[in-house]
Amino acid sequence: MPPRGARNWRCGDRWRVGDVTPGSGCNLVARACGEAISACEGDDGLGGRGTRWECSLEVELIKFMGSKRSLLLNGLGDVIEEESRAGERVVDLFCGSAAVSWFAAAELGREVLACDLQQFAVVLARAVLARNRPLESLIFERGWLEEARAWRREHAAWADAAQLERRRGKDSAWHRRAQRLCQSWKEDDELLVTSRYGGHYFSPMQALSLDAMLAVLPEAPEARDVCLASAIVAASRCAAAPGHTAQPFKATETASKYLLEAWSRDAFQAATVALRRIAPLSVKRRGTTVVGDANEIAGCLRATDVAFVDPPYSAVQYSRFYHVLETVARGWCGEVRGTGRYPSREERPRSLYSQRTKSRAAISELLMRLSQRGCKVVLTFPLGECSNGVSGEWIEDTAREFFHVLRRTAKSSFSTLGGNATIRAARKEAREMILVLRA
Ligand SMILES: C[S@@+](CC[C@H](N)C(=O)[O-])C[C@H]1O[C@@H](n2cnc3c(N)ncnc32)[C@H](O)[C@@H]1O
């Protein structure tokens, strides 16, 4: 049994969730870990450094380009803890996978404001930030997911999807047949995921399962957010694509095995894993979430806020990689086109930070606004030039025009998905810069 109030516990210590005493600092971590506690025993994947946060952060719910989950363990978590005092608000201006928002709120107990251009990122953040009480995942497993299973069974599409499921990979036409079947439901408003992405990113059965989850989402806002976030995670984990949803695997000689493997993942199982990790988390002080532009939000911050700035570094829009998750979060989507099944440009959020000709001006303006508001800033960016034309060094020089700058660096790897002509590898070892900016 861990001592009451102890925080420096190790993953290898096999404490069961119920062993953690109420009021102890590791209570939340243990609950967040759930089954992950034993999974990370002996191998924390981080060279066994042993920090007090590694178990809750070990849990990777979605693969997200630029996620700071591992950097939090590698120095960033300490910096955010040191730079934000109790009572101060942490503003996660580019919240993405919500790793930093969850960390600051659930681990450090800070009030958090989370913002992103993409709605799914904000849903992920809100699923935890909006709740000051843990929820029991079993309630949703027996309620929401059971109801979704029943909805799926009763839907007219069920019999065909089930039949195709049994034939998956058995003959050369299985993939085409799956696409045709899902297309045949394109007039059915209830089958949003199936008609847009079925036969491409998802098998007909997976797509129908995701539609079922969306069809029976609970109405109460807290419950709805937890379930919707779990459906987003399920979509991300099942998608037949390499870590994002820019393009699905095709049924070619080489890629068929990846497609088959992805299509065999159980969407309900994935949603259950997500529920068990998200529902028990809660925060001391309820936070706020905004779908919007970081530069606009920056103009409304308080002098006591600590802004966390983690802008895009790629010249490719995030909405190109995450449009499927965005559709799940929004619950609507117009026509989709092309191999990537993209919605029209007007439907996809566009960031100035991912345009080579505009990214520098966007960052300059953001820093200027934050300095005018008198905020402290913690900023991360890869060193060296990135495909959006910005480098950590340039940001540091620019920041000096407005702030006193303190620099820390950490080893990290970042994704170059869709990168540039000079950087081709999917993940690249890089040194990530952490700047602390004070007025
Ligand atoms: C590098 S990622 C952030 C990763 C995040 N810190 C994490 O740990 O997952 C950049 C994020 O900025 C968002 N974004 C891009 N332009 C934005 C803008 N102008 N305002 C707010 N968010 C923006 C993208 O949608 C993406 O989620």
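Since the structure is predicted, the reported quantities are computational estimates derived from the model, not experimental observations. Counting restarts for each chain, with residues numbered from 1 along the sequence as it is written. Confidence filtering applies because this is a predicted model: local features only for residues at pLDDT of at least 70, side-chain atom pairs given and counted only at 80 or more, and all residues used for totals across whole chains, interfaces and linings.

Draft legend 1. Representation of the overall build of the chain. Helix numbering and strand numbering both begin at the N terminus, where a helix is a DSSP run of H or I of at least 4 residues and a strand a DSSP run of E of at least 2. Summing up its helical and strand segments, the chain has 19 helices and 9 strands in all. Looking at the chain as a whole, 49% of its 439 residues are labelled buried. We call two residues in contact whenever the C-beta atoms placed from their backbones are within 7 Å. Taking the intrachain contacts of the chain between residues at least 6 apart in sequence as the baseline, contacts between residues at least 24 apart amount to 70%. Exposure classes come from backbone-placed C-beta atoms, where a residue is buried if 20 or more other C-beta atoms lie within 10 Å of its own, exposed if 12 or fewer do, and partly exposed in between.

Draft legend 2. Focus on unusual backbone geometry. A positive phi is found at Ala98, a non-glycine position, where the angle reads about 75°. For Ala98, the location among the structural elements is in the loop between strand S1 (89-92) and helix H5 (99-107).

Draft legend 3. Representation of the environment of Phe268 in the model. For Phe268, the position within the fold is in helix H14 (residues 267-278). Residue Phe268 is classed as partly exposed on the basis of its 19 C-beta neighbours within 10 Å. For the pair formed by Phe268 and Ser230, sequence separation is 38 residues and the distance between their alpha carbons is 9.7 Å. Apart from the residues within four sequence positions on either side, Phe268 is in contact with Leu145, Arg149 and Ser209.

Draft legend 4. View of the pairing of S1. Covered by surrounding structure in S1 are Arg89 and Val91 together with Val90 and Asp92, the residues of both alternating faces. By this definition, two strands are paired if DSSP reports at least two bridges between them. For S1 and strand S2 (residues 111-116), the ladder comprises 4 bridges, and the chain directions are parallel. Bridging across to S2, Val91 finds its partner in Leu113. Between S1 and its parallel partner S2, the chain crosses via H5, and the hand of that crossover is right-handed. Strand direction decides the pairing type here: S1 and strand S4 (residues 306-309), joined by 3 bridges, are parallel. Among the inter-strand pairings, Asp92 is bridged to a residue of S4, identified as Phe308. Think of it like this: strands point away, you trace from the first strand over the helix to the second, and a clockwise trace means the crossover is right-handed.

Draft legend 5. Helix H12 (residues 221-238), seen in detail. Multiply 1.5 Å by the residue count of a helix minus one, and that product is the helix's expected span. Compared with an ideal rise of 1.5 Å per residue, which puts 18 residues at 26 Å, H12 spans 25 Å between its outermost C-alpha atoms and is within 8% of the ideal. Within H12, 14 of the 18 residues are buried, leaving the element largely enclosed by the surrounding structure.

Draft legend 6. Focus on the nonpolar core. For this entry, the nonpolar core is defined as buried Ala, Val, Leu, Ile, Met, Phe, Trp, Tyr and Cys residues connected by C-beta atoms within 7 Å. Core analysis: the biggest nonpolar cluster contains 124 residues, and Leu210, Ala231, Ile232, Ala307 and Val328 have the highest contact counts within it. Here this core takes 10 residues from H12, the largest share from any one element. Source of the domain bounds: an automatic or database domain assignment. Mapping this core onto the domain boundaries places at least three of its residues in each of domain 2 (64-133 + 282-315 + 355-438) and domain 3 (137-278).

Draft legend 7. Layout of the confidence of the model for the chain. The quantity called pLDDT is the predictor's confidence in a given residue, expressed from 0 to 100. With 82% of its residues at a pLDDT of at least 70, the chain reaches an overall mean of 84. Confidence over residues 1-50 falls short of pLDDT 50; this stretch has 68 contacts with residues more than four positions distant or in other chains. Segment residues 417-425 is flagged for pLDDT under 50; beyond a separation of four residues in sequence, or across chains, it makes 16 contacts in the model.

Draft legend 8. Focus on the environment of Val122. Tracing the sequence through the fold places Val122 in helix H6 (residues 119-129). Put simply, Val122 and Thr289 are 167 residues apart on the chain and 6.2 Å apart in space, counted from C-alpha to C-alpha. Those residues within four positions of Val122 in sequence are excluded, and the remaining contacts are Cys95, Ala114, Asp116, Thr289, Val290 and Val291.

Draft legend 9. Focus on the packing of helix H8 (residues 158-167) against helix H11 (residues 204-215). Comment: axis = line fitted to C-alpha atoms, over the contacting stretch for helices; angle = value between 0 and 180 degrees taken between N-to-C directions. The geometry of H8 relative to H11 is characterised by a closest axis approach of 8 Å and an angle of 140° between their N-to-C directions. Judged by the angle between their axes, H8 and H11 are oblique. Each of Trp158, Ala161, Ala162, Leu164 and Glu165 in H8 lies in contact with H11, whose residues at this interface are Pro204, Met205 and Leu208. Throughout, the ten residues Ala, Val, Leu, Ile, Met, Phe, Trp, Tyr, Cys and Pro are labelled nonpolar, Asp, Glu, Lys and Arg are labelled charged, and all others, Gly among them, are labelled polar. Here the contact of H8 with H11 is composed, by residue class, of 7 nonpolar, no polar and 1 charged. Roughly parallel refers to an angle under 35 degrees, roughly antiparallel to one over 145, roughly perpendicular to one between 65 and 115, and oblique to any angle outside these ranges.

Draft legend 10. Broad picture of the environment of Val273. Considering the arrangement of structural elements, one finds Val273 in helix H14. Distance in space between the C-alpha atoms of Val273 and Ser137 is 9.5 Å, their sequence separation being 136 residues.

Draft legend 11. The packing of H11 against H14, seen in detail. Running from N to C, H11 and H14 cross one another at 45°; their axes reach a closest spacing of 9 Å. Comparing their axes, H14 and H11 come out oblique. For the pair H11 and H14, the contacting residues are Gln206, Ser209, Leu210 and Met213 in the first and Ala267, Phe268 and Ala271 in the second.

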